[in-house]
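Examination of the molecular architecture
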Amino acid sequence: MARNIGRFLVLIAAALIYSSALASSIFQPISDSHRSAALELFNPLGGSFSSVEKTYEELRTFEVLGIDKRSDISTAACQSVSEILGSSSSTLKDLFYALKVNGILQCGIKEDVFEGVASRLQSVVGGASALLDFYYSVGGLVLIKGQTSKDDLYLADAEGVFRSIKALSQSDGRWRYNSNNPESSTFAAGLALEALAGIVSLSSSEIDQSLISTTKNDILKLFDSIEKYDDGAFYFDEKLVGAREHQGALSTTSSVVRGLTAFAAVTSGSLNLPSGKILGLAKFFLGIGIPGDAKDLFNQVDSLAFLESNTVSIPLILSLPATVLSLTKKDALKVKVNTVLGSNAPPLTVNLLQVLRSGSKDTSLIESQELKFDPENAVYTLDAMPKSVDVGKYTFVFEMVLHDSDHKNLYATGGRIRIPIFVTGVIEVDSAEIAVLDSDLGSIETKKKIDLAGENTVSLSANHLQKLRLSFQLSTPLGHAFKPHQAILKLTHETKVEHMFVMGSSGKQFEIILDFLGQVEKFFYLSGRYNVQLAVGDAVMENSFLKAIGHVDLDLPAPPEKAPQPPAQPLDPNLIYGPKAEIAHIFRAPEKLPPKKLSLTFSGLTLLPFLGFLVGLLRLGVNLKNFPSSSVPAVFATLFHLGIAAVLSLYMLFWLKLDLFTTLKALGFLGAFLMFVGHRILSHLASSSSKLKSA
């Protein structure tokens, strides 16, 4: 039970820190943990993936994370790409992803193959009416233009195709998959924006700016429907009803990010999107942590790569290597600022604006301070904690200030950033004593000092007319009163019946007085020895403890009739599920066997009847004169005699090693065989005999 209380205190501390972290999430950029997850999740069976789409997702994820695994799958992947691009029956989707794989692996596809694929895709674009057909065909042409030396690859009527896709847009910024489907989709909006960006890049002349402006307004309307978490993360969710395949928030947001960044890269002018929403999208992807699914990991990493290089606003992530700082160890506050993929941030200053104690309202304990930058480790530090900061839970408010004024429109810093910090320390325990008091006068009969930092073996005795008092003081490293989350006194009877009492406090002083007269029923009138333990724990208390103080011999009155009985104590699991005593079995001594010569002689005598049988056959003049001479009857006769020999052999094997069931199973097959061949040979003999008689 002592171990259980210790674990309970640890769980309380962990839960407090974790719940505070949830209340204000701390976002970390892509790390080595994502790389390890990618190597584990993208593990193709037999060295190849089930589709070219999955092959691309693996290659793209490894490319963004800086993992070189191309040589492991390039041979199989390039062979698949060559087959897909060279086949006239390949689907648009397979062509699209095959071109994406080729863009990473550079499989050495011939120019005439590209020309054939480009011709097919251009014909599809001219007659397309569904959004997915536009998306795959236009995207494929953009990829071919980037992978070949053809600079003259343009759409014949780019503006007309642009208008055809734009006709599928809705007033709320979402898109339909085709004109026959009235339902609109946020996921489809991302595909449409990516297709429109491809059309702009494939146009030989400038697209009508009114169409570009209308599309930008559609993007703003789409962002009006964006949803937000309490931690500042923004995301899109699919509201399409009756869709064949529901897209979750991660895949939907990824689609919008790809479309948004692609369209912004090929158009001039600003989209007028708030940088806070772009930063919120980055927080959404980083807040997922490390996905457990390969598709989700691809969507996360791919989207963050687009946000890293987008022309709208590049998010900067402020993170802390440690959010638990020790006053005792004099830990320094360290802050890192990176892009979403972990690259170094541009020159900037990190200011600590406020330090707010948990529960207080905008009353900062410090004045604004600038953190020092360590260029070698790319870390901003505050060497010493402010003197007004004691142990406890705080909210630190940071601000990033870019040095270059041109960077203010390029990077998203997010304004004031609030991060929960736990400041821990060693709590001083003083004036600890335990005493037995007279119930009537309150005078001290026995009082002993105890050392809660060391070992104690206090021995006390009391009766039901007396009281037990335990008191001590707790103070922080700065000398302030400290109130832990848990301060529990536990008394355990020698029969394992336990009693727990929560201690109260007044300032630094903690005290509890147990009046045994009022507790006799709770103690079930059990006299005898009670072990005394004290547990004190808190999330910010580095020296939380569970201490055995000693014992008290308690003399209580005899229980009256119908007095409450102590609860039944649970059985020790070791007695139920532990190892049982070893069973030593003594086998019966083997019987004395006869001499070996006698056994062999007896076995030989058992063969005498068989020998007599053979002699009898010879005396009767047995011969083979009636053995069939024609081929077919002769075969059946031979098989019949072989079957009888097999049955005799089976009996011999049964005698030597076979069991009854195996023997009966084999005998059943042999018996059926003998009935068949025996019937044939006997029919032949009967026919021959009747012919001789008639002759």
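Residues numbered from 1 in each chain as written. Predicted model: local features only at pLDDT ≥ 70, side-chain atom pairs only at ≥ 80, totals over all residues. Heavy atoms only, no water.

The name an unreviewed UniProt entry gives the protein is Dolichyl-diphosphooligosaccharide--protein glycosyltransferase subunit 2, with Salix udensis as the organism. Recorded under Subunit (unreviewed entry), the UniProt text for the protein is reproduced unchanged: "Component of the oligosaccharyltransferase (OST) complex." Taken verbatim from the UniProt record of the protein, the Pathway (unreviewed entry) comment is "Protein modification; protein glycosylation." (UniProt positions renumbered as here; feature names shortened; annotations may be inferred.)

1. Remarks on the pairing of strand E12 (residues 392–402)
Within E12, 8 of the 11 residues are buried, which leaves the element mostly enclosed by the surrounding structure. As paired elements, strand E8 (residues 348–357) and E12 share 9 bridges and run antiparallel to each other. Across the sheet, Val350 pairs through a bridge with Met400, a residue of E12. Of the pairings in the sheet, the one linking E12 to strand E14 (residues 416–424) comprises 8 bridges and is antiparallel in character. When the sheet's bridge partners are listed, Lys393 is paired in E14 with Phe422. (Buried < 20%, exposed > 50% of the residue type's maximum accessible area, 1.4 Å probe, protein only. Helix = DSSP H or I, 4+ residues; strand = E, 2+ residues; numbered from the N terminus. Pairing = 2+ DSSP bridges.)

2. Focus on the confidence of the model for the protein
Interpreting fine coordinate detail is not advised for predicted regions of low pLDDT. Averaged over every residue, the pLDDT of the protein is 88; the share at 70 or more is 94%. Predicted confidence is poor over residues 5–23, with pLDDT under 50, and the contacts of this stretch with residues over four places away or in other chains come to 23 contacts. (pLDDT = per-residue confidence, 0-100. Contact = heavy atoms within 4.5 Å.)

3. Re the sheet that holds strand E6 (residues 324–326)
The strand order across the open sheet built from 5 strands is E6-E14-E12-E8-E9, with neighbouring strands paired in mixed fashion. Each of the sheet's edge strands pairs with one partner strand only, and the pair in question is E6 and strand E9 (369–370). The pairing of E8 with E9 spans 2 bridges and is antiparallel. Its bridge partner being in E9, Leu352 is matched across the sheet by Gln369.

4. Notes on the sheet that holds strand E10 (residues 372–374)
Taking strand neighbours across the sheet as the criterion, the 5 strands line up as E10-E11-E7-E5-E13 in an open arrangement whose pairing is mixed. Unpaired on one side and paired on the other, E10 and strand E13 (411–412) mark the two borders of the sheet. In the packing of helix H12 (residues 275–287) onto the sheet, contacts are made with strand E5 (314–319) and E13, and the angle to E5 comes to roughly 55 degrees. (Axes fitted to C-alpha atoms, helices over the stretch in contact; angles between N-to-C directions.)

5. Observations concerning the environment of Val436
Following the sequence through the fold, Val436 ends up in strand E15 (residues 428–438). Note on Val436: relative accessible area 1%, which makes it buried. Residues Val436 and Ile513, 77 residues apart in the sequence, show an inter-C-alpha distance of 9.4 Å. Leave out the neighbours within four places in its chain, and Val436 touches Ser443, Ile444, Glu445, Thr446, Leu460, Ser461, Ala462, Gln466, Lys467 and Leu468.

6. Points about the pairing of strand E24 (residues 545–555)
Bridge count between strand E17 (residues 458–463) and E24: 6 bridges; the pairing is parallel. Along E24, the bridge assignment pairs Val458 with Gly550. Bridge count between strand E23 (residues 528–537) and E24: 9 bridges; the pairing is antiparallel. Bridge pairing links Val532 to Gly550 in E24.

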